[in-house]
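One-letter residues, chain by chain:
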Amino acid sequence: MRVLLTFFFLLILIISSCDRSVEDNVVAQVNDDLLYFDEVIRDMPISILDTSAFIDKYISKWIRNKVLLDQALINLDENSDDIKDKVTLYKNSLLIYEYQQRLINQNFDTSVFLNDILSYYNDNIREFKLNQDIFKGRFVIVEKNAPNIKQLLKMFKSNDNDDIDDLVSYCMLYALEYYVNDSSWNYFNTIKYKIPNDIIPNNIFLSKRKYDIIEDEKYLYLLFLKDFKIKGSTSPFSLEKDKIKSLIINNNKIKYLDIVEKDLVNNGISLNKIKI
C-alpha cells in the first residue's frame, strides 16, 4: 500500500512540475550549477518510503559534491598531464571491466559439478575450520501457559512425519520462536542468545541428554541436539558447499578471461597488428 501511495505521490509531483516555470523547478544552486526537481525525482526509487528524507539527502549530497568540485578546479589544473593520464587510465580500466563483464554474461558457463566441489573440499579440508559452534537439532520457545504442553513435548521428541507436521502447526500458532529441521547444520549463536543467560552452551553440548527443557519464570525452552561440532573443528561439507562453488566459479572466470586475453594477443600477432 505504501509503495502504491508513493507512486501516486511521485506522479503528482512530476505532473505539477511540468506546469511550473524552469525557475520554479530549481531546488538548489551552487554558483552557476543548478539542480532541478525533475533530476531528483528521476533518481528516486519507486519503492522509497520516506520521500522527504530522500530529497533532503539528495540535495545535501549534490551541494557538497559541487562545492568540493569547485574548490578542486580552483586548486588543481584539470588540464595537467597528471590529471589527463589518470582520467584516461580510469576510462580504459572502466571500458575493459565492462567488456569483461559482458563476455562473462554472454559466454561464461557458471555451472559447477558436485564432484568438483567435493574434490576441492577434500583437497583443502584443513582450511575449513569452524569459527563458531554448530548443531543439528530442534529449538522451540513457548510460554508456560500455552495450551497442550504435554502434547507439544511428545511431538517435539517424535520422529514421525505426521507428528513433525503437527509440531510445525502448533509452533506457528503458539511458539515465540521455533526451528524443527534437524537435518541441516545451524550456527549455535542463532539460539545461544535466546536461552537464559545462566545456561552454558558447553554444558549443553557435553551433556549426555539429547533433549533439554530449560525454563524461566515465563517461558519453556525446548532443545534437541541431534549432533554438534565445536569451534575449531572441521567444518562440514554442507556448510562450505556454496562458498566453494563461488570460489570455483571466480577462479574459472579468471582462467576464462586469461584465455580470452591470450587469444586476442595471439590473433593480433598473427595479423601483424602487434609487434615487439
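Use the structure listed above.
Presented here is a report on the structure given in the accompanying data block.

Parameters at a glance
- Residues numbered from 1 in each chain as written.
- Predicted model: local features only at pLDDT ≥ 70, side-chain atom pairs only at ≥ 80, totals over all residues.
- Heavy atoms only, no water.
- 1 Å grid on protein atoms, 1.4 Å probe; cavity = no way out; pocket = protein on both sides within 12 Å on 5 of 7 lines; lining within 4 Å.
- Points joined across faces, edges and corners; volume = space filled by probe spheres on them.
- Helix = DSSP H or I, 4+ residues; strand = E, 2+ residues; numbered from the N terminus.
- Nonpolar A, V, L, I, M, F, W, Y, C, P; charged D, E, K, R; others polar.
- Phe/Tyr/Trp six-rings, centres within 6.5 Å; stacked < 30°, edge-to-face > 60°.
- Buried < 20%, exposed > 50% of the residue type's maximum accessible area, 1.4 Å probe, protein only.
- Axes fitted to C-alpha atoms, helices over the stretch in contact; angles between N-to-C directions.
- Parallel < 35°, antiparallel > 145°, perpendicular 65-115°, else oblique.
- Contact = heavy atoms within 4.5 Å.

Looking at empty space enclosed by the protein
Tallied over the full model, the rule gives one cavity of 30 Å³ or more. By volume, the largest cavity is sized at about 30 Å³. Looking at the largest cavity, the residues that line it are Leu-153, Phe-156, Lys-157, Tyr-211, Asp-212, Ile-213, Leu-222 and Leu-223. Taken together, the elements giving at least two residues each to the lining of the largest cavity come down to helix H6 (149-157), strand E6 (211-215) and strand E7 (219-229). Among the residues making up the lining of the largest cavity, the classes are represented as six nonpolar, no polar and two charged.

Concerning the packing of aromatic side chains
Counted under the stated rule, the structure contains seven aromatic pairs. Residues Phe-108 and Tyr-256 carry aromatic rings whose centres are separated by 5.8 Å and whose planes lie at 50° to one another, so their mutual orientation is tilted. With Phe-108 in the loop between helix H4 (81-107) and helix H5 (114-123) and Tyr-256 in helix H10 (residues 237-270), this residue pair connects regions lying 148 residues apart in the sequence. For the pair shown, Phe-108 and Tyr-256 are each scored as buried. Geometrically, the ring pair formed by Tyr-121 and Phe-128 is stacked, given 5.3 Å between the ring centres and 25° between the ring planes. Taken individually, Tyr-121 and Phe-128 each receive the classification buried, so the pair is uniform in this respect. An aromatic cluster of three or more residues is present, and its members are Tyr-121, Phe-128 and Phe-237.

A closer look at the packing of H4 against H10
At a closest axis distance of 11 Å, the pairing of H4 and H10 adopts a crossing angle of 110°. With respect to H10, the element H4 is oriented roughly perpendicular. Touching Gln-100, Leu-103, Ile-104 and Asn-107 of H4 are Lys-253, Tyr-256, Leu-257, Val-260 and Glu-261, all from H10. In terms of residue class, the contact of H4 with H10 is built from five nonpolar, two polar and two charged.

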